[in-house]
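Structural description and commentary
Take a look at the letters that make up each chain.
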Amino acid sequence: MSSETPRESPEVPMENTMSPDVEGEVKLSDNPVDRQEAGSDKEECLEPMSKRQRKKLLKQKQWEEQKDLRRQKRKEKRQKRKLERQSKLDSNNEGNDRKRMRREVVPSTLRLIVDCSFDDLMVLKDVKKLHKQIQRCYAENRKAFHPVQFYLTSHGGQLKSNMNENDKGWVNWKDIQIRTEHYSELIKKEDLVYLTSDSPDILSELDEKKAYVIGGLVDHNHHKGITYKKAVEQGISHAQLPLGNFVKMNSRKVLAVNHAVLSLYLASV
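Residues numbered from 1 in each chain as written. Predicted model: local features only at pLDDT ≥ 70, side-chain atom pairs only at ≥ 80, totals over all residues. Heavy atoms only, no water.

Overview of the environment of Ile178
Mapping Ile178 onto the fold places it in strand E3 (residues 176–178). Ignoring anything within four residues of it in the chain, the contact list for Ile178 reads Leu152, His155, Trp170 and Trp173. (Helix = DSSP H or I, 4+ residues; strand = E, 2+ residues; numbered from the N terminus. Contact = heavy atoms within 4.5 Å.)

Right, here's the structure in full:
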């Protein structure tokens, strides 16, 4: 009788029945490095911004808010440059027109003298006013189509010092004779006519052969009749402008130097 030895069944390896998702989860939870990184990411998200970062964000915000303002400023700059170019062009054209006008000028033979020999009778404040009146006379005569022959005589003292201090360009003035001599040393006595409001004679017409003298004095009527007395003493002709024929004046017919020059110029054209 034979006996059979039982056969041993072969070992079957156990399959890993764990799903990939579960495996991944277990794997992640078992890795301390991964847990530390995840925790640090969460901490970075919650960490407050630094002062530098806040300042950077604030600047960026301001930059965005000021876009329209910058655009407007750029537009204004372009307009300003355009106006400057136009102004320069107009100035060049005006300069050309002025040169053309100067070529068309016909000088008058009429001589006009501002007598500056009253320097010691004026305070500095009045000397400065006289200086401004002379400047206006010079400017108007330069623009005139028929400029008179313009003289300043007895030039010196306070007037010259004030001009040196406040108007150094006077030494380059054109179409004017600025002389230290008295007018009697430059022009014959018979050609002189002193214009003074105290003269009994009225100037009815201008003689272009004559030289008309105006007193360079700002005195607020403190020295009444001084120019008339001077003309009489020197034995030269005198007259007053016929202002009463054109303008009703309640006071003495005393004019500022530039007004007298303008009246004389208007009468000559």
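A few points about unusual backbone geometry
Backbone geometry at Ser154 places phi at a positive 55 degrees, although glycine is not the residue there. Tracing the backbone through its elements, the reader meets Ser154 in the loop between strand E2 (149–153) and helix H6 (157–166).

Re the sheet that holds strand E1 (residues 111–115)
Read across the sheet, six strands follow the order E3-E2-E1-E5-E4-E6 without closing on themselves; strand pairing throughout is parallel. Two strands bound the open sheet, and with one partner strand each, they are E3 and strand E6 (237–239). Geometrically, the sheet is characterised by an average inter-axis angle of 25 degrees between neighbouring strands, direction not taken into account. Sheet topology places strand E4 (residues 192–195) next to strand E5 (residues 211–215); four bridges connect them, and they run parallel. From the neighbouring strand, Leu192 faces E5, where its bridge partner is Ala211. (Pairing = 2+ DSSP bridges. Axes fitted to C-alpha atoms, helices over the stretch in contact; angles between N-to-C directions.)

A look at the packing of aromatic side chains
The final tally for this structure, using the stated rule, is two aromatic pairs. Aromatic pair Tyr138 and Trp173: ring centres 4.4 Å apart, planes at 10 degrees, arrangement stacked. Here Tyr138, found in helix H5 (residues 124–143), pairs with Trp173, found in the loop between H6 and E3; they are 35 residues apart in sequence, far enough to count as distant. In this pair, the class of Tyr138 matches that of Trp173, namely buried. Each ring, one from Tyr183 and one from Tyr194, has its centre 6.1 Å from the other, and the planes form 70 degrees; the classification is edge-to-face. On the criterion of sequence distance, the pair formed by Tyr183 in the loop between E3 and E4 and Tyr194 in strand E4 is long-range, its members being eleven residues apart. Assigned by exposure class, Tyr183 and Tyr194 land together as buried. Stacked on the ring of Trp63, the Lys or Arg Arg70 has its end atom at 3.5 Å from the ring centre. (Phe/Tyr/Trp six-rings, centres within 6.5 Å; stacked < 30°, edge-to-face > 60°. Buried < 20%, exposed > 50% of the residue type's maximum accessible area, 1.4 Å probe, protein only. Lys NZ or Arg CZ within 6 Å of the ring centre and 35° of its normal.)

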